[in-house]
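Residue-level structure breakdown
Chain by chain, the residues:
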Amino acid sequence: MANDRPPFDAGFGVYVHWPFCASKCPYCDFNSHVRHQPVDEARFVRAFQRDIAHQAGLAPGRTVSSVFFGGGTPSLMQPATLAAILDAIAQHWSIAAEVEITLEANPTSVEAERFRGYRTAGINRVSLGVQALDDDDLRALGRMHDVDEALWAVRVAASIFKRYSFDLIYARPKQTPQSWRAELEEAIGYAAEHLSLYQLTIEPGTMFERLHKAGKLTVPDTDMLRDLFDVTQDVCEKHGLPAYEISNHARPGAECRHNLLYWRYGEYVGTGPGAHGRLWTGGQRLAFSSEKHPETWCERVETQGHGLIESELLKGAEEGDEFLLMGLRLREGIDPERYRLLTGRPIDPARTGRLLEQGFIEILRNRNIRASAQGVPVLDAVVADLAI
Amino acid sequence: MTAHNFDNIRNFSIVAHIDHGKSTLADRLIQFCGGLAEREMVEQVLDNMDIERERGITIKAQTVRLQYKAKNGNTYILNLMDTPGHVDFAYEVSRSLAACEGSLLVVDASQGVEAQTLANVYQALDAGHEIVPVLNKVDLPAAEPDRIKEQIEEVIGLDASDAVPISAKTGLNIEAVLEAIVEKLPSPKGDEKAPLKAMLVDSWYDAYLGVVVLVRVIDGVLKKGTPITMMGTGAQYHVDRIGVFSPKMTDLPQLGPGEVGFITAQIKQVSDTRVGDTITETKRECAEALPGFKPAQPVVFCGLFPVDAAQFEDLRAAMGKLRLNDASFSYEMETSAALGFGFRCGFLGLLHLEIIQERLSREFNLDLIATAPSVIYKLKLTDGSEIDLHNPADMPDVMKIEEIAEPWIRATIMTPDEYLGGILKLCQDRRGEQVDLNYVGKRAMVTYDLPLNEVVFDFYDRLKSISKGYASFDYHITEYRPGDLVKMSLLVNAEPVDALSMLVHRTRAEMRGRAMCEKLKDLIPQHLFQIPVQAAIGGKIIARETIRALRKDVTAKCYGGDISRKRKLLDKQKEGKKRMRQFGKVEIPQEAFIAALKMDS
């Protein structure tokens, strides 16, 4: 069937969501849950197996180029649990020879001790949630590690995994461009090839939102956010870690392939509580979402054979919007021909013309369109201008 | 009972300020006379429109026939004429009053006489009415009936010693009001044998009946089937239904002199019926028409445009429907470079403008952009010709203009004296000329001559906020005066926004220009580039603000594979953009057009 693959191939990946955390961080609005009893991992393994089997039926015959264990805190899983989930994936799809399998991990000593087991299970890349190189700020962010422990975990990871990355959160209260520059330069000293640098945002429903509303948490204003963002670009460029995406920096070739797959609008399975997927099935692209509550997700899988609660058929225009939203975050930009393949029409030349003239986008030699250095910090407004 | 038994008929209206209880009193009178069963009573029976009920104003005249058995043993027919109470409808008020012989003057026993009461009571006196003062809300602790009686005597010059103290809310003393109507108000006079002469008091469109006409018979008898002629328009009809409101529509075979009721006559549009016109028999016309008839004259204009250009035809249809019922509202198509297709509309006044706008959005579900309200300017051109200008966009080249004259009003404002200072300043700021200042107890009554174009911009809102709602205001147009008026344009990113251009007095231009630029600075969202907002007279910039370019607007973290969440945000952004208008490269939210015209300082 000619129609059994999406209009262009940008890879196929699997996202596995492990929804449990030891404690809830005050800024986090991800689907994470704290349990005071031990989690029944065996039950979850069975549920993952069934859910994966179901979704393999929706998108059969693919080759998995990346797997990503996110959360929550997937490094709370026993290595055997993780191995069983990977086995389930390998049972239903073929696995690319150079597959990238990433695990998000907290940089605590407890978790670092399991790193070797994770490597044996198949993990070949870790992403550590270091978040800050300042003990006071780590406490304010609700993290359970301090700087020394985190750096120790980074060293352990470096000794076990060829590829590792860590996250920092910046634009924290009271942070200045000077202090952030110093912290970032220090971090780059520990980072081998990849850094994720996220500005702190106040998300609805979080503790930080309540504090912010009550006036007890002051975050930098827009001008400061821009200055901090500029410092980030500057420092990382100088150290050979340019942004390949808005918040992600890597030495060329060390980009996270799984995240690239999202941004390039590839196909991905999302399995686990609250996980999202985009699959080409029956000649159409569908957006899937899963039951968010962990135990309820298990029950759904046990009773109906999968944890999906929603499958939305995406219209061409919606695919086009998603393609722009994701693709323009990349330094490599987007191929306008792919937009045309999705929507059946080209990107409005009047709009691109205007943004080009204003200097917010640029056209590369391969004809890709990307946000310019001036356009990146205001990308949401640029996308809104292009998408309509 | 025979129709020509004049002695048993009383026609009266109620004069009152908004909130002083006119409609509630009407409800009580209807209830007392058994016009409606308890379960049929809704509040403000006579105010049919939602807007009338909510805002406590009467827009269309209504009438109700009551049967009252008086203490003297006789049964009377009482025709209550509920009239619009606002100056915008002054002409309609004058016609309604002309259809009665007497009025109840309802005054709130704690608030006292207001500017509007004054204007209306003078109209009633002009119409030759006997007036029965009624003090309402005497049950409230703040009521001061004696002081208010004094005030009525002092301000209006009316004997208030027999004023009836009531509470319309609780129903206290309602019978005394009815007795006073019977005892103090005169019965109508007329000649039953003379040719038919009836006044067209008001009319409205009813989806089932067509146009319903409210009439007061002066002479002769109006019968079913009679061929009639409207003397003002010459139009001829056959009466096919005749009756009274009690307050339900009740058919009767005829209406005699002194009686008030309705007719239907296969009339298609309200615009075929003119308030104040004389209705006579086609075969036996009366010798002369009733005096005082004049066609409705719009005073304030503004452009109304659909936010969504696709709603233009809906807007046209909605205006047509409103016009069916309101001949005083006029509209013609207009195109604006910025706003696309819309209509230039004429209104009797500001309240009328607001009501129409509100009805369009409420009853027809239309999202509208209204341009700056304008008055009619009279322009003398250098070639000797004269033109009426009611759209600044149509202003000829300044070199061709000899003189611009603008309408002035005489405004009467009544206020507790602690707010007087602020009100005087407001009037001075609006180029007002003080004519008179009096005190009535602790209430000041100030009379000002003001240019109407200063009043169409939120004067009433300002007055209310200065006086915390206690001041009352009334006006009538007096004359046209030449003035040093200039056209001020607003430029956004160097592009003129025609919908925001206006004629202003030269001395006021800079202040208003600055205020509008400041407003727009806050109302227009940040764009990817810097946007200058300027006010200009001709080529000269008189005020400027700058909207800074966006510096940081990018989502830090994408939530794994949850693109839907981002897409929904994008959809919201798109939705917001749809509610904006594109001016060159700049998008201006529709609220900006309305808000920019309101001034805070």
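Residues numbered from 1 in each chain as written. Chains lettered and ligands numbered in written order. Predicted model: local features only at pLDDT ≥ 70, side-chain atom pairs only at ≥ 80, totals over all residues. Heavy atoms only, no water.

It is worth spelling out the overall build of chain B at this point. Within chain B, the secondary structure is distributed over 14 helices and 34 strands. The buried share among the 601 residues of chain B stands at 58%. Look at the contacts in chain B between residues 6 or more apart in sequence, and 69% of them connect residues 24 or more apart. Carbon and sulfur atoms form 49% of the exposed surface of chain B, whose accessible area is close to 24,600 Å². (Helix = DSSP H or I, 4+ residues; strand = E, 2+ residues; numbered from the N terminus. Buried < 20%, exposed > 50% of the residue type's maximum accessible area, 1.4 Å probe, protein only. Contact = heavy atoms within 4.5 Å. Areas by Shrake-Rupley, 256 points an atom, 1.4 Å probe, with all protein chains shown as cover.)

For the rest of this paragraph, the subject is the packing of aromatic side chains. One pass over the full model with this rule turns up 23 aromatic pairs over all chains. Ring geometry for A:W18 and A:F44: centres 5.5 Å apart, planes at 65°, overall edge-to-face. Of this pair, A:W18 sits in strand β1 (residues 12–18) while A:F44 is found in helix α1 (residues 41–58), placing the two residues 26 residues apart along the sequence. Across the pair, A:F44 and A:W18 agree in class, each one buried. Relative to B:F473, the ring of B:F459 lies with its centre 5.2 Å away and its plane at 50°, an arrangement referred to as tilted. In this pair, B:F459 sits in helix α11 (residues 459–466) while B:F473 sits in strand β27 (residues 472–482), placing the two residues 14 residues apart along the sequence. Comparing B:F459 with B:F473 shows no difference in burial state: the two are buried. Members of the aromatic cluster, each reached through a chain of ring pairs, are B:F312, B:F329, B:Y331, B:F341, B:F343 and B:F347. One cation-aromatic arrangement involves B:R481 over B:W408; the distance from NZ or CZ to the ring centre is 3.7 Å. (Phe/Tyr/Trp six-rings, centres within 6.5 Å; stacked < 30°, edge-to-face > 60°. Lys NZ or Arg CZ within 6 Å of the ring centre and 35° of its normal.)

Residue and element names in this part refer to chain B. A cluster of like negative charges, contributed by D146, E150, E153, E154 and D159, occupies part of the molecular surface. With respect to the helices, strands and loops of the structure, D146 is situated in helix α5 (residues 145–156). Residue classification places D146 among the exposed residues on the basis of a relative accessible area of 57%. (Patch = residues over 30% accessible without salt bridge, like charges linked within 9 Å, V, L, I, M, F, W, Y side chains within 5 Å. Salt bridge = Lys/Arg side-chain N within 4 Å of Asp/Glu carboxyl O. Lys, Arg positive; Asp, Glu negative; His and termini not counted. Charge placed at Lys NZ, Arg CZ, Asp CG, Glu CD.)

Inside soluble globular proteins, nonpolar side chains tend to come together where they are buried. In terms of nonpolar packing, the biggest core is built from 211 residues, with A:F69, A:I89, A:F115 and B:L360 touching the most fellow members. The element that contributes the greatest number of residues to this core is helix α6 (residues 147–160) of chain A, accounting for 8 residues. Residue contributions to this core reach at least three from each of two domains, namely domain 1 (2–262) and domain 2 (316–388) of chain A. A:F69 has contacts with A:V16, A:P74, A:M77, A:L82, A:I85, A:L86, A:I101, A:T102, A:L103, A:E104 and A:I123, leaving out every residue within four places of it along the chain. B:L25, B:A26, B:A70 and B:V134 belong to the second largest nonpolar core, which has 29 residues in total. (Core = buried A, V, L, I, M, F, W, Y, C linked by side-chain atoms within 4.5 Å. Domains from an automatic or database assignment.)

All names here are of chain A. In the segment running from G71 into G72, the intervening peptide bond is cis, with an omega of 20°. Looking at the element boundaries, G72 is found in the loop between β2 (63–71) and α2 (79–92). Although it is not a glycine, A171 sits at a positive phi angle of roughly 60°.

On to the sheet that holds strand β2 (residues 62–69) of chain B, then. Residues and elements named next belong to chain B. Pairing is mixed across the open sheet formed by 6 strands, whose spatial order is β2-β3-β1-β4-β5-β6. Two strands bound the open sheet, and with one partner strand each, they are β2 and β6 (164–165). Along the sheet, helix α1 (residues 22–32) makes contact with β1 (9–16), β2, β3 (75–82) and β4 (102–108), crossing β1 at roughly 150°. (Pairing = 2+ DSSP bridges. Axes fitted to C-alpha atoms, helices over the stretch in contact; angles between N-to-C directions.)

Moving on: the interface of chain A and chain B. Note on interface size: it is often stated as the accessible area lost on association of the parts. Counting residues at the interface gives 47 residues for chain A, matched by 28 residues for chain B. Carbon and sulfur atoms supply 56% of the area buried between chain A and chain B, which totals about 3,500 Å² over both sides. Linking chain A with chain B are 11 salt bridges, by the criterion used here. For B:R551, the salt bridge goes to A:D223, with nearest N and O atoms at 3.3 Å. Our count for the chain A to chain B interface comes out at 21 residue pairs in polar contact (both at pLDDT 80 or more). The set of elements that each furnish at least two residues to the side of chain A that touches chain B consists of β6 (194–199), α9 (222–238), α10 (257–263), β10 (276–281), α12 (316–327), α14 (349–358) and α15 (379–387) of chain A. It is α15(A) that contributes the most residues to the side of chain A that touches chain B, 8 residues altogether. For the side of chain A that touches chain B, the class distribution of residues is 25 nonpolar, 6 polar and 16 charged. (Buried area = accessible area lost by both parts, 1.4 Å probe. Polar contact = N/O pair within 3.5 Å; in protein donor to acceptor, adjacent residues only side chain to side chain. Nonpolar A, V, L, I, M, F, W, Y, C, P; charged D, E, K, R; others polar.)

A few words on the pattern of salt bridges. Under the definition given, this model contains 58 salt bridges over all chains. Taking the shortest distance from any N to any O, the salt bridge between A:D321 and B:K574 comes out at 2.5 Å. In this pair, A:D321 is assigned in helix α12 and B:K574 in helix α13 (residues 563–578), connecting two distinct chains. Look at A:D321 and you get buried, because its relative accessible area is 4%. For B:R512, the salt bridge identified is with B:E454, shortest N-O distance 3.6 Å. Of this pair, B:R512 sits in helix α12 (residues 506–523) while B:E454 sits in helix α10 (residues 452–455); the two residues are 58 residues apart in sequence, bridging distant segments of the chain.

Glancing now at the side chain of B:K577. Tracing the sequence through the fold places B:K577 in helix α13. A distance of 2.7 Å separates a polar atom in the side chain of B:K577 from a polar atom in the side chain of A:D385. With residues up to four places along the chain from it excluded, the contact list for B:K577 reads A:A384, A:D385, A:I388 and B:E587.

This part covers the confidence of the model for chain B. Residues at a pLDDT of 70 or more form 92% of chain B, whose mean pLDDT is 85. Across the whole predicted complex the pTM is 0.69, and at the interface the ipTM reaches 0.90. (pLDDT = per-residue confidence, 0-100.)

In this section: α5(B). Residue and element names in this part refer to chain B. The terminal C-alpha atoms of α5, which comprises 12 residues, lie 16 Å apart, in line with the 16 Å expected from a rise of 1.5 Å per residue. Among the residues of α5, those classed as buried are I148, Q151, I152, V155 and I156. The buried side chains of α5 occupy one side of the element, clustering within an arc of 100° when seen end-on. With respect to the buried face of α5, the exposed residues turned more than 90 degrees away are D146, E150 and E154. If you follow the buried residues of α5, they end up packed against β4, α4 (115–126), β5 (130–136), β25 (433–440) and β26 (443–451). (Expected span 1.5 Å × (residues − 1). Arc of directions from axis to C-beta.)

All right, on to the pairing of strand β24 (residues 401–416) of chain B then. Residues and elements named next belong to chain B. Along β24, 12 of the 16 residues are buried, which leaves the element largely enclosed by surrounding structure. Pairing of strand β22 (residues 377–381) with β24, which is carried by 4 bridges, proceeds in the antiparallel orientation. The residue bridging L381 from the neighbouring strand is I401, located in β24. One ladder, built from 10 bridges, connects β24 with β27; its direction is antiparallel. Looking at the pairing, I409 lines up with I477 of β27. Examined bridge by bridge, β24 and β26 share 9 bridges and lie antiparallel to one another. The partner of T415 across the bridge, within β26, is A444.

This part takes up the sheet that holds strand β13 (residues 249–251) of chain B. Residues and elements named next belong to chain B. Taken together, 8 strands build an open sheet; the order of strands is β11-β10-β16-β7-β8-β15-β12-β13 and the sheet is antiparallel. The sheet is open, and its two edges are formed by β11 (236–238) and β13, each paired on a single side. On average, each strand axis in the sheet is tilted by 40° relative to the strand beside it, whichever way the strands run. Taken together, the 2 bridges between strand β7 (residues 197–206) and strand β16 (residues 278–281) define a ladder with antiparallel strand orientation. Bridge pairing links A198 to I279 in β16.

Attention now moves to the packing of helix α9 (residues 420–429) of chain B against α11(B). Residues and elements named next belong to chain B. Close contact between α9 and α11 brings their axes to 9 Å; oriented N to C, the two are set at 160°. The orientation of α9 relative to α11 falls into the category roughly antiparallel. Every pair of crossing elements has a handedness; the one defined by α9 and α11 is right-handed. Residues G422, I423, L426 and C427 of α9 touch α11, and the partners they reach there are F459, R462, L463 and I466. Its residues assigned to classes, the contact of α9 with α11 comprises 6 nonpolar, 1 polar and 1 charged. (Parallel < 35°, antiparallel > 145°, perpendicular 65-115°, else oblique. Left-handed = near helix turned anticlockwise from the far one by under 90°.)

Now for α1(A). All names here are of chain A. Between the first and last C-alpha of α1 there are 26 Å, a value that for 18 residues agrees with the 26 Å anticipated at 1.5 Å per step. Taken residue by residue, α1 has E41, R43, F44, V45, A47, F48, D51, I52, Q55 and A56 as its buried positions. Contact partners of the buried residues in α1: β1, α2, β9 (267–271), β10, α11 (294–304) and β12 (308–313).

All names here are of chain B. Within the fold, L420 resides in helix α9. Sequence separation between L420 and M445 is 25 residues, and the spatial gap between their C-alpha atoms is 9.1 Å. In this view, L420 contacts T415, L437, Y439, A444 and V446; residues no more than four positions away in its chain are not counted.

Turning next to the side chain of A:S372. Among the secondary structure elements, A:S372 is positioned in the loop between β14 (369–371) and α15. Other than its neighbours up to four places away in sequence, A:S372 contacts A:G359, A:F360, A:I361 and A:E362.

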